[in-house]
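Commentary on secondary and tertiary structure
Each chain, letter by letter, is given below.
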Amino acid sequence: MNTTCRKRFFAALYAMILTAAALFAAFPVGAYENTITTTVNLVNVTQNERGDGYYWANRTDELTLDGLRLETDSDYGLRLPQNCTVILKGTNYIKAGKYALTCSGNVSFKGKGKLILDGGEMGIYIYTEVDTHKIRLLDGEYEIKAGKYGVYSEHADFSFVDGDMDIEVADPNGAAILGRSVNLVGGEFEAKGSVEATHELVVKGIDLDIESTRAALSAKNLNIEDISVTNYNGEVEIEAVSTEKRDRRSAIFGDDVPGYVDVILLVGAVVVIALLIVVPILRRRKKTKELYERLARGGAEKEGE
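Thresholds, definitions, all that
Residues numbered from 1 in each chain as written. Predicted model: local features only at pLDDT ≥ 70, side-chain atom pairs only at ≥ 80, totals over all residues. Heavy atoms only, no water. Phe/Tyr/Trp six-rings, centres within 6.5 Å; stacked < 30°, edge-to-face > 60°. Buried < 20%, exposed > 50% of the residue type's maximum accessible area, 1.4 Å probe, protein only. Lys NZ or Arg CZ within 6 Å of the ring centre and 35° of its normal. Pairing = 2+ DSSP bridges. Helix = DSSP H or I, 4+ residues; strand = E, 2+ residues; numbered from the N terminus. Salt bridge = Lys/Arg side-chain N within 4 Å of Asp/Glu carboxyl O. Patch = residues over 30% accessible without salt bridge, like charges linked within 9 Å, V, L, I, M, F, W, Y side chains within 5 Å. Areas by Shrake-Rupley, 256 points an atom, 1.4 Å probe, with all protein chains shown as cover. Contact = heavy atoms within 4.5 Å. pLDDT = per-residue confidence, 0-100. Core = buried A, V, L, I, M, F, W, Y, C linked by side-chain atoms within 4.5 Å. Disulfide = S-S within 2.5 Å.

1. So, the packing of aromatic side chains
Overall, the coordinates contain seven aromatic pairs when judged by the stated rule. Summarising the aromatic geometry, the rings of Tyr125 and Tyr127 are spaced 6.1 Å apart at their centres and angled 55° between planes, so their arrangement reads as tilted. An angle of 50° between the planes, with centres 5.1 Å apart, marks the rings of Tyr149 and Tyr152 as tilted. Tyr149 gets classed as buried once you look at its relative accessible area, which sits at 15%. Every member of this aromatic cluster is reached through a ring pair, and the members are Tyr76, Tyr99, Tyr125, Tyr127, Tyr149 and Tyr152. The positively charged end of Arg79 is found above the aromatic ring belonging to Tyr76, 4.6 Å away from the centroid.

2. As for the pairing of strand S15 (residues 149–169)
In terms of strand pairing, strand S12 (residues 122–126) meets S15 through four bridges, oriented parallel. When the bridges of S15 are listed, Met122 appears paired with Tyr149. Alignment of strand S13 (residues 134–138) against S15, held across five bridges, turns out to be parallel. By the bridge assignment, Arg136 is partnered in S15 with Ser159. For strand S14 (residues 141–146) and S15, the ladder comprises six bridges, and the chain directions are parallel. Its bridge partner lying in S15, Lys145 is registered against Glu168. Relative to strand S16 (residues 175–192), S15 runs parallel, the two sharing 15 bridges. Considered in S16, the bridge of Asp164 is made with Glu188.

3. Quick notes on the pattern of salt bridges
Evaluation of the coordinates by the stated rule reveals eleven salt bridges. In this structure, the salt-bridge partner of Lys204 is Glu225, at a minimum N-O distance of 3.8 Å. Taken together, the positions of Lys204 in strand S17 (residues 195–204) and Glu225 in strand S19 (residues 217–225) put the pair 21 residues apart, joining distant regions of the chain. Classification of Lys204 by relative accessible area gives partly exposed; the value is 22%.

4. Focus: a nonpolar patch on the surface
A surface patch of nonpolar side chains, about 630 Å² in accessible area, is lined by Val272, Ile273, Leu276, Ile277, Val278, Ile281 and Leu282. When you line up the elements, Leu276 lands in helix H2 (residues 260–304).

5. Side note on the side chain of Thr35
Within the secondary structure, Thr35 is located in the loop between helix H1 (3–26) and strand S1 (40–41). Taking the relative accessible area as the measure of exposure, Thr35 reaches 18% and is therefore buried. Ignoring anything within four residues of it in the chain, the contact list for Thr35 reads Arg69 and Glu71.

6. What about the confidence of the model for the chain?
Averaged over every residue, the pLDDT of the chain is 86; the share at 70 or more is 80%. Contacts from residues 23–33, a stretch scored under 50 in pLDDT, to residues over four places away or in other chains number three contacts.

7. Re the environment of Leu217
In this fold, Leu217 is placed in strand S19. A relative accessible area of 3% places Leu217 in the buried class. In this structure, the C-alpha to C-alpha distance between Leu217 and Val195, residues 22 residues apart in sequence, is 5.1 Å. Other than its neighbours up to four places away in sequence, Leu217 contacts Val195, Leu201, Val203, Ile210, Leu222, Ile224, Tyr232 and Ile238.

8. A look at the nonpolar core
Core analysis: the largest hydrophobic core is formed by 56 residues, its most contacted members being Leu80, Phe109, Phe158, Ile167 and Phe189. Ranked by residue count, the leading element in this core is S15, at seven residues. Apart from residues lying up to four places away in sequence, Leu80 is in contact with Val43, Leu63, Val86, Leu101, Thr102, Cys103, Val107, Phe109 and Tyr127. Counting residues in hydrophobic clusters, the runner-up holds six residues, among them Met122, Tyr152, Ala175 and Leu178.

9. A few points about the side chain of Ser153
Tracing the sequence through the fold places Ser153 in strand S15. For Ser153, a relative accessible area of 1% translates into the label buried. The residues contacting Ser153, other than those within four sequence positions of it, are Ile126, Leu178, Gly179 and Arg180.

10. Focus: the state of the cysteines
What the rule picks out here adds up to zero disulfides. With no disulfide partner, Cys84 has as its closest neighbouring cysteine sulfur the one in Cys103, 7.5 Å distant. Assessed through its relative accessible area of 3%, Cys84 is described here as buried.

Structure follows, in structure tokens:
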């Protein structure tokens, strides 16, 4: 093999390696092997349960989703038990024939992960019949695609707080969110489809981008606060940004700790560093001064003799 052929061979080999590496990164090992193809039903769970991408801790009533991939033709994707907490880690994907995710009771979603839902009819179906039940999505990132309703809750209060949500519904007669009481507070919310509440809709301190074929926001009692749109009159589109002044949160300890704690730690660190530098310098100066004074006294004594 001459030099030119050898160069071409290694160039082609290098290109193949780069291509393989790119494909490996795009399709993680086991992504398809670990896909769940049946409904994950935790409604009546009574003990710890682990599956590909999820873990149910029965003692604490917590479900951790971490890399879940569920695709099924069944009506239901993931069925949650009442009164639980869902911890989101990594990226999680659920697709089902009708309802991607169903829940009842008081349910909270927490964590910095991502949840992607694809439901033939509904992304999230909240089927409780108790008006005092509350479903809260706190933090996290959510993408919902649905045939008719992104989120449907006839009775329970539904709240989206300080996260990032994107909803798209196919049916122009459907809605991104349809509920009894709906709260959109903080974070970013984008939807192709209306947000409707039969009782009360609260929109507060949030970045909004909603497009619909009818009123983008609709409710018996509509309460809009701390966004750049102050006069909403039933337009089919609304785009607004938050005008709410919010306390900065800690970059070191997370959102549960006020930002001033970082300042206190920074000031403390500066003081400690300053002391570590200044104190030895002062000590050396003191010792040097004492040495000069001793030498001066010794010289004076010799002159006196």
